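As a plain string of letters, each chain reads:
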Amino acid sequence: MKQNWEKIDPLGLVLPLVILIVWYLTALSGRVPDYLFPAPVEFFQVLLDFIFGGAQLTPYSGKFLENLWVSCIRVITGFGLAACGGLLLGFLSGRNVLIRRMIDPLIQMIRTVPGIGWLPLALVWFGIGEGTTVFLIALAAFFPIYLNVADGASNVPDIYIRAGSMLGADKMGLFRTVILPASFPSIVVGLRLGLGVSWAYLVLGELTGVSRGLGAVLMDSRMLGQVEMIPVAMLCIAVMGIVSDRLLLILCDWLYPYHERTANGK
Amino acid sequence: MENKTALVIDKVDKSFSVKTGKKSEVGLLQVLRAISMSVMEGEIIGLLGPSGCGKSTLLNIVAGFEQPDKGEVLFQGEPVVIPAPERSVLFQSAVLFPWFTVKENIVYGLRNRRENQGIIEKKYCQYVQLVGLKGFDNYYPNQLSGGMQQRAALARALIMEPRMLLMDEPFAALDAQTRMLMQQLLLGISEQIKPTILFITHDIEEALILSDRILVMSKLPGKIIYEVTVPFSRPRDLSMIGSYGFAKMKDEIRQYLFDQLL
């Protein structure tokens, strides 16, 4: 069976290609000045220089890996915290009515405050940089994970629980062999949404004035007048979002090779 | 066969709270009223009744999934409180775990019991043969037909060597031919392992083919209104369906059942 992450649909490449051509022709016509948006050739030169270095086209020549590394650590830390909290509270709230009645209203209330609204308080608590970024990521990624895990766990068909307990499974056994596999598709959805949000909040956190990270490159390029670096950094973030999503899917497939079978018996 | 009682159901009442038409009014719907019956060791009991008469509720209580409001259920002299492998259930649909293979499903209960691998393999071979599912070890349930799924579910229940098998219209969801095959399979198995079975059906023929004794339930609130011993000798096979005695009994039971439908 072909896995989700292996599929590349050629039709999906058509639109990017069209954009590239239009972009190239626009730049060729000279209607858009360079300081507003770089031409494709320049863009790719800067991109390659950013990744491999050597040409010294911008102050960021060859600095891709170190910025990427810093950003990845932040995402992994923040997302990891969110995943732990989201899975734990999600399962508790999804399977135990008393716990759900206690924690769910509060979580739903906090959820309505947009993540951006936490920025001032986070800056006060954690200062500019690392702490704030990780906090924002963890907070924002927590909600989709919690919601989907709780939903998946509470929607495990009762008849499976009955079948399991009739066949002698204890509470831990039921969790391991019935509740976890039955809710796994929802868990994957929650984790993917959470990881996507993580990249968004990484950029927000890094915009507040850290020295390294893809978000910092994005913001500082404007101040340094390196406009051509801005779309390059944006593209890097977009690609990293996709790559990390695929890696997450591979990890999930590896953990639970049969999780795709769970949904609607497909 | 010794005449030991396996199961006693003693004056069981059960009601459910239901939302009635208007907003938050909650009514009490009595589903079972003073149900009493007993099942002997090795006996096969067919429970017939109009749909929605509480048959399934009664079975769920015997299984330990639900508790009676009044009265009690004694299994081997002990009150039934929780579900246990000694009272295996065969549901209307197979309810195999879709994330496990056929083999993983069938040995699921043995694994819960922490049996050693040798015993698991041995019993698996024995029961997979019994239900005729050899060679499908690594298939997933959704790759099997409905009848094969139900056979896997039967093996999953029987492998625990339950002292009683509870079946909730186990063949109702199958097509007519598959249902006949399953009935024949069950007749064959019951000759080999002589299980105690309480099963629900709405099919009079099925009840006559499989049971030693048939109980007919009334419409709500369910109570037992008719009981008949099936005289046909064992081993049985499906050819009995054509006999005069069979037709006569079928007609008699239909009378009782039909009265409840109106």
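Residues numbered from 1 in each chain as written. Chains lettered and ligands numbered in written order. Predicted model: local features only at pLDDT ≥ 70, side-chain atom pairs only at ≥ 80, totals over all residues. Heavy atoms only, no water.

Under an unreviewed UniProt entry, the name given to chain A is ABC transporter permease, and the organism recorded is Acetobacterium bakii. The heading Subcellular location (unreviewed entry) in the UniProt record of chain A holds the text "Cell membrane". For chain A, the Sequence similarities (unreviewed entry) comment in UniProt is given as "Belongs to the binding-protein-dependent transport system permease family." (UniProt positions renumbered as here; feature names shortened; annotations may be inferred.)

### Some remarks on the overall build of chain A
Across its full length, chain A carries 11 helices and zero strands. When its helices and strands are written in sequence order, chain A yields α-α-α-α-α-α-α-α-α-α-α. Along the longest, intermediate and shortest principal axes, the C-alpha atoms of chain A span 75 × 50 × 30 Å. Going through the 266 residues of chain A one by one, you find that 44% of them count as buried. Counting contacts in chain A only where the partners sit at least 6 residues apart, residues at least 24 apart contribute 68% of the total. Each charge class in chain A can be summarised by its mean position, and for the 18 positive and 17 negative side chains these summaries are 10 Å apart. (Helix = DSSP H or I, 4+ residues; strand = E, 2+ residues; numbered from the N terminus. Buried < 20%, exposed > 50% of the residue type's maximum accessible area, 1.4 Å probe, protein only. Contact = heavy atoms within 4.5 Å. Lys, Arg positive; Asp, Glu negative; His and termini not counted. Charge placed at Lys NZ, Arg CZ, Asp CG, Glu CD.)

### Here's the deal with the UniProt feature "domain: ABC transmembrane type-1" (unreviewed entry) in chain A
As annotated in UniProt, the feature "domain: ABC transmembrane type-1" (unreviewed entry) corresponds to residues 68-248 of chain A in the numbering used here. Secondary structure across residues 68-248 of chain A divides into 84% helix and 0% strand, with the first and last C-alpha atoms of the span separated by 18 Å.

### What to know about the packing of aromatic side chains
Throughout the structure, instances matching the rule amount to 21 aromatic pairs over all chains. Note on F142 of chain A and F143 of chain A: the rings are 5.3 Å apart at their centroids and 75° apart in plane angle, and the pair reads as edge-to-face. Here the aromatic rings of F97 of chain B and W99 of chain B are separated by 5.7 Å at their centres, their planes lie at 20°, and the arrangement is stacked. Across this residue pair, the class does not change: F97 of chain B and W99 of chain B are buried. Taken together through their ring pairs, the aromatic side chains of Y160 of chain A together with F97, W99, F100 and Y108 of chain B make up a single cluster. A cation over an aromatic ring shows up here: R87 of chain B above the ring of F75 of chain B, its NZ or CZ 5.7 Å from the ring centre. The ring of F97 of chain B carries R156 of chain B above its face, with NZ or CZ at 5.2 Å from the centroid. (Phe/Tyr/Trp six-rings, centres within 6.5 Å; stacked < 30°, edge-to-face > 60°. Lys NZ or Arg CZ within 6 Å of the ring centre and 35° of its normal.)

### Quick word on the domain arrangement of chain A
Residues and elements named next belong to chain A. For chain A, the assigned domains read domain 1 (11-29 + 37-62) and domain 2 (65-263). Summarising the inter-unit geometry, the C-alpha centres of domain 1 and domain 2 are found 31 Å apart. Every contact between the two is made by 11 residues of domain 1 and, on the other side, 13 residues of domain 2. Where domain 1 abuts domain 2, roughly 1,100 Å² becomes buried across the two surfaces, and 80% of that area is made up of carbon and sulfur atoms. On the domain 1 side of the contact with domain 2, F43, F50 and Y60 bury the most area, a combined 48% of that side's loss. For the pair domain 1 and domain 2, the number of links is zero residue pairs in polar contact (both at pLDDT 80 or more). For the side of domain 1 that touches domain 2, a count of residues per class yields nine nonpolar, one polar and one charged. (Domains from an automatic or database assignment. Buried area = accessible area lost by both parts, 1.4 Å probe. Polar contact = N/O pair within 3.5 Å; in protein donor to acceptor, adjacent residues only side chain to side chain. Nonpolar A, V, L, I, M, F, W, Y, C, P; charged D, E, K, R; others polar.)

### Overview of the UniProt feature "transmembrane region" (unreviewed entry) in chain A
All names here are of chain A. Residues annotated in UniProt with the feature "transmembrane region" (unreviewed entry) correspond here to residues 12-30, 68-94, 106-128, 174-193, 199-218 and 230-256. Here residues 12-30 runs as 84% helix and 0% strand, with 29 Å between its end C-alpha atoms. Between the end C-alpha atoms of residues 230-256 there is a gap of 39 Å, over a span that is 96% helix and 0% strand.

### Focus: the pairing of strand β4 (residues 70-75) of chain B
Residue and element names in this part refer to chain B. Where strand β1 (residues 5-19) meets β4, five bridges bridge the pair, whose relative direction is antiparallel. Looking at the pairing, L7 lines up with F75 of β4. Sheet topology note: the β4/strand β5 (residues 78-79) ladder contains two bridges and is antiparallel. Paired with F75 across the bridge in β5 is E78. Hairpin connection, β4 to β5: the antiparallel pair is bridged by two residues, and Q76 has positive phi, about 50°. (Pairing = 2+ DSSP bridges.)

### Details of the interface of chain B and chain A
With 24 residues of chain B in contact, the opposing surface of chain A contributes 22 residues. Counting the surface lost from both chain B and chain A, the interface buries some 2,000 Å², and carbon and sulfur atoms represent 67% of this. Across the chain B-chain A interface, the total number found is one salt bridge. The closest approach of N and O atoms between R162 of chain A and E66 of chain B, which form a salt bridge, is 3.4 Å. Here chain B and chain A share four residue pairs in polar contact (both at pLDDT 80 or more) between them. (Salt bridge = Lys/Arg side-chain N within 4 Å of Asp/Glu carboxyl O.)

### Topic: unusual backbone geometry
Residue and element names in this part refer to chain B. Phi angles above zero are rare outside glycine, and V95 is one such case at about 50°. By the element assignment, V95 lies in the loop between β6 (87-90) and α2 (102-106). Phi angles above zero are rare outside glycine, and R114 is one such case at about 60°. Inspection of the secondary structure puts R114 in the loop between α3 (108-112) and α4 (117-130).

### A few points about the packing of helix α5 (residues 119-126) of chain A against helix α6 (residues 130-154) of chain A
All names here are of chain A. Closest axis-to-axis distance for the α5/α6 pair is 8 Å, and the angle between their directions is 135°. The angle between α5 and α6 places the two elements in the oblique class. The two elements α5 and α6 cross, and the hand of that crossing is right-handed. In this structure, α5 uses L119, A122, L123, W125 and F126 to contact α6, whose residues at the interface are G131, T132, F135 and L136. Partitioned by chemical class, the residues of the contact of α5 with α6 number seven nonpolar, two polar and no charged. (Axes fitted to C-alpha atoms, helices over the stretch in contact; angles between N-to-C directions. Parallel < 35°, antiparallel > 145°, perpendicular 65-115°, else oblique. Left-handed = near helix turned anticlockwise from the far one by under 90°.)

### Re α4 of chain B
Residue and element names in this part refer to chain B. With 14 residues, α4 ought to run about 20 Å at 1.5 Å a step, and its terminal C-alpha atoms sit 20 Å apart, in line with that. Along α4, the residues classified as buried are I120, K123, Y124, Y127, V128 and L130. End-on view of α4: buried residues confined to an arc of 140°, all on one side of the axis. Residues of α4 that are exposed and point over 90 degrees away from its buried face: K122 and Q129. The inward-facing, buried residues of α4 contact α2, α3, α5 (146-158) and α6 (176-193). (Expected span 1.5 Å × (residues − 1). Arc of directions from axis to C-beta.)

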